[in-house]
Amino acid sequence: MASSSSLLSEDQLQCSICLDVFTDPVSTPCGHNFCMVCLRKYWNSSSHCQCPVCKREFPQRPELSINTFISGLAKIREKEEADSVEIFRALVRCIERSQAELLEVMEEKQKAAERQAEELIKELEQEITELKRRDTELEQISHTEDHLHLLQIYPSLCRPPHTKNWTDVSVNTPLSVESLRRALSQLQEHLTQEMEKIPEIKLKRIQQYAVDVTLDPDTANPNLILSDDGKQVKHGDKQQKLPDNPERFSRATCVLGKEGFSSGRFYYEVQVSGKTGWTLGVTRESSNRKGRITLSPEDGYWTVCLWNETEYEALESPPVLLSLKQAPQKVGVFVDYEEGLVSFYDVEVRSHIYSFTGQSFTEKLYPFFHTGLNDGGKNSAPLIITPVQHD
């Protein structure tokens, strides 16, 4: 069965007095739940001992004990909220840090431009002083009657003073647009890193809906070999003599889980390491299992696959080629029946692989496993249903 937490909405995990997630939840004899502190304060402030919701009165104050089941679910919820808040805080810190770094860079560039301008002003003032000195000398010489002295200093007067060509001089003002571009680029990188944490948090949440999946031998293709505990399946070279019952896959090397799900949420994990081809997902109860089958949502199959050793696809109509950073070693499959959602995760790196969204389920869904052909031993590794490790 799906995890019991899938049966409770977020409202049902909130105390109707404080309107917050339960802290030390307790239950009244009439079946309503409240925070222990909230209920005690409510009763202490009233002359009657009654339920705050249905107003049922109790002849004496009931002895309260913490409802450990609801308390556990509430803790899973004070954890989800904390993880979500931490992501937003991290994003805010990234923005604030980027803003501070940008302002620091702009300030440094502004100071450098000011120092450059001061040096140029100093150099220009020196030239002006020198030109004024020369002008004074020329003015004095213009009134001299000592022609011999004039002839002696004439060559030096003809040489123009050494001055800079100021038409090519400019101050390197801060390029604010370029600095802003670099800052935004770094910010985008930081935000991407934080966004990559979201699938990890989501995977932790959906792992709470883990179910015990066991393979159904009555559905297994005759070429498949199942382990005694029903947790492993691989392709064998020889076809077994098995009854061709309606549930069995006659041609495709597939097998289903024993139990179907018609509501709620469920999740399971499958080890795929060492294989060069596989297909995982879910299928509806009435899907075709005889002869050649087509894996698509229209035909009742919601699956992702590996084929040709390195090619990953989501089997939509048409198939969607998936670009994965690395080959998954363990794949998590999550279904939210009411939401029409089937999602796949790389468990080891805690990343999202693909999701079928907006689907409409009207009948039981069964875990689906396709081993692929043995391929001369290249694809002989089994698919293994593994226990879900909760953090």
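- The chain appears in an unreviewed UniProt entry as Bloodthirsty-related gene family, member 2 from Astyanax mexicanus.

### Considering the sheet that holds strand E14 (residues 365-370)
Logical step 1: Read from one edge of the open sheet, 6 strands run E5-E14-E7-E8-E9-E10, paired in antiparallel fashion. One side of each edge strand has no neighbouring strand; the edge strands of this open sheet are strand E5 (254-256) and strand E10 (320-322). Strand-to-strand twist in this sheet, taken as the mean axis angle between neighbours without regard to direction, amounts to 20°.
Logical step 2: Judged from the 4 bridges that link them, strand E8 (residues 301-307) and strand E9 (residues 311-314) form a sheet pairing that is antiparallel.

### Let's talk about the pairing of strand E4 (residues 232-235)
Logical step 1: What you see with E4 is a clean split: Val-233 and His-235 sit on the buried side and Gln-232 and Lys-234 on the side with no burial.
Logical step 2: Pairing of strand E3 (residues 224-226) with E4, which is carried by 3 bridges, proceeds in the antiparallel orientation. Bridge pairing in E4 links Leu-224 to His-235.
Logical step 3: Counting the residues that bridge the hairpin from E3 to E4 gives 5 residues, and of these Gly-230 lies at a positive phi of roughly 70°.

### Topic: the pattern of salt bridges
Logical step 1: In the structure shown here, the tally under the stated rule is 5 salt bridges.
Logical step 2: Taking the shortest distance from any N to any O, the salt bridge between Glu-107 and Lys-111 comes out at 3.5 Å. Highlighted residues: Glu-107 and Lys-111, both in helix H3 (residues 78-141), separated by 4 residues, approximately one helical turn.
Logical step 3: Taking relative accessible area as the criterion, Glu-107 reaches 45% and is therefore assigned partly exposed.
Logical step 4: Residue Lys-111 is classed as partly exposed on the basis of its relative accessible area of 42%.
Logical step 5: One salt bridge connects Arg-133 with Glu-130, and the closest N-O pair in it is separated by 2.5 Å. A residue pair is termed a helical-turn pair when its members lie 3 or 4 positions apart in one helix, as Arg-133 and Glu-130 do in helix H3 at 3 residues.
Logical step 6: Relative accessible area serves as the criterion here: at 32%, Glu-130 is assigned to the partly exposed category.

### Looking at helix H1 (residues 36-44)
Logical step 1: Buried residues of H1: Met-36, Cys-38, Leu-39 and Trp-43, and no others. Angularly, the buried residues of H1 cover 165° about the axis, an arc narrow enough to put them on a single face. Opposite the buried face of H1, at more than 90 degrees from it, the exposed residues are Val-37, Lys-41 and Asn-44.
Logical step 2: Elements that come into contact with the buried residues of H1 comprise strand E1 (25-27) and strand E2 (33-35).

### Regarding empty space enclosed by the protein
Logical step 1: Empty space within the second largest cavity amounts to approximately 40 Å³.
Logical step 2: Lining the second largest cavity we find Trp-278, Val-304, Cys-305, Tyr-312, Glu-313, Leu-322, Leu-324 and Ile-353.
Logical step 3: Every element with two or more residues in the lining of the second largest cavity is listed here: E8 and E9.
Logical step 4: For the lining of the second largest cavity, the class distribution of residues is 7 nonpolar, no polar and 1 charged.

### Some details on the nonpolar core
Logical step 1: Counting residues in each nonpolar core, the largest one holds 35 residues, and the members touching the most others are Tyr-268, Trp-278, Leu-280, Val-342, Phe-344, Phe-369 and Leu-383.
Logical step 2: With sequence-adjacent residues up to four places away left out, Leu-280 is seen in contact with Val-270, Val-272, Trp-302, Thr-303, Val-304, Val-331, Phe-344, Phe-368, Phe-369 and Leu-383.

### Thoughts on the packing of aromatic side chains
Logical step 1: Enumeration according to the criterion identifies 11 aromatic pairs in this entry.
Logical step 2: Summarising the aromatic geometry, the rings of Phe-249 and Phe-368 are spaced 6.1 Å apart at their centres and angled 65° between planes, so their arrangement reads as edge-to-face. In this pair, Phe-249 sits in the loop between E4 and E5 while Phe-368 sits in strand E14, placing the two residues 119 residues apart along the sequence. By the burial criterion, Phe-249 is buried, and Phe-368 matches it.
Logical step 3: Through a chain of ring-to-ring contacts, three or more aromatic side chains come together here, namely Phe-249, Tyr-301 and Phe-368.

### Describing the layout of surface pockets
Logical step 1: If you add up the space inside the largest pocket, you get close to 560 Å³.
Logical step 2: Along the wall of the largest pocket there are 21 residues; nearest its centre are Ala-252, Thr-253, His-370, Gly-372 and Leu-373.
Logical step 3: Residue composition of the lining of the largest pocket, grouped by class: 7 nonpolar, 9 polar and 5 charged.

### Thoughts on the sheet that holds strand E12 (residues 341-346)
Logical step 1: The strand order E3-E4-E15-E6-E11-E12-E13 describes an open sheet built from 7 strands, whose pairing is antiparallel. Either end of the sheet is taken by a strand with one partner, and the two such strands are E3 and strand E13 (351-356). With strand direction ignored, the average angle separating the axes of adjacent strands in the sheet is 20°.
Logical step 2: The pairing of strand E6 (residues 265-271) with strand E15 (residues 383-386) spans 3 bridges and is antiparallel. Opposite Glu-269, over in E15, you have Thr-386 as the bridge partner.

### Here's the deal with the environment of Ser-263
Logical step 1: Considering the arrangement of structural elements, one finds Ser-263 in the loop between E5 and E6.
Logical step 2: Those residues within four positions of Ser-263 in sequence are excluded, and the remaining contacts are Tyr-337 and Glu-338.

### A closer look at unusual backbone geometry
Logical step 1: Between Ser-317 and Pro-318 the backbone carries a cis peptide bond, its omega angle lying at 0°.
Logical step 2: One non-glycine residue, Leu-19, lies in positive phi territory at about 60°.
Logical step 3: Mapped onto the elements of the fold, Leu-19 is located in the segment before E1.
Logical step 4: Since its relative accessible area comes to 61%, Leu-19 is described here as exposed.
Logical step 5: We note that Arg-350 has phi near 55°; this positive angle belongs to a residue other than glycine.
Logical step 6: With respect to the helices, strands and loops of the structure, Arg-350 is situated in the loop between E12 and E13.

How each quantity is defined
- Each chain carries its own residue numbering, running from 1 in the written order of its sequence.
- For a predicted model such as this one, the threshold for reporting local features is a pLDDT of at least 70, and the threshold for listing and counting side-chain atom pairs is 80 or more; totals across whole chains, interfaces and linings nevertheless cover every residue.
- The basis for every side-chain value is the complete set of non-hydrogen atoms in the structure, without hydrogens or water.
- Think of it this way: DSSP has to see at least two bridges between two strands before they count as a pair.
- Labels follow the DSSP assignment, with helices taken as runs of H or I lasting at least four residues and strands as runs of E lasting at least two, numbered in each case from the N terminus.
- Axis definition: a line fitted to C-alpha atoms, over the contacting stretch in the case of helices. Angles run 0 to 180 degrees between N-to-C directions.
- Only protein chains enter the accessibility calculation, which uses a 1.4 Å probe; a residue whose area is less than 20% of its type maximum is buried, one above 50% is exposed, and one in between is partly exposed.
- For salt bridges, the criterion is a side-chain nitrogen of Lys or Arg within 4 Å of an Asp or Glu carboxyl oxygen.
- Starting at the helix axis, one direction is taken to each C-beta atom, and the arc is that of these directions.
- Contacts between residues were defined by any pair of non-hydrogen atoms, one from each residue, lying within 4.5 Å.
- A pocket, in this scheme, is an open set of points on a 1 Å grid over the protein atoms alone with protein on both sides within 12 Å along at least 5 of 7 lines, while a cavity is a set where a 1.4 Å probe fits but cannot get out; residues line either one if an atom lies within 4 Å of a point.
- Grid points are joined across faces, edges and corners, and a volume is the space filled by probe spheres set on the points.
- Each residue gets one label: Ala, Val, Leu, Ile, Met, Phe, Trp, Tyr, Cys and Pro are nonpolar, Asp, Glu, Lys and Arg are charged, and the others, such as Gly, are polar.
- The criterion is simple. A nonpolar core is a set of buried Ala, Val, Leu, Ile, Met, Phe, Trp, Tyr and Cys residues joined through side-chain atoms within 4.5 Å.
- To pair, rings of Phe, Tyr and Trp, with the six-membered ring standing in for Trp, must have centres within 6.5 Å; the planes then decide the type, stacked if under 30 degrees apart, edge-to-face if over 60, and tilted in the middle.

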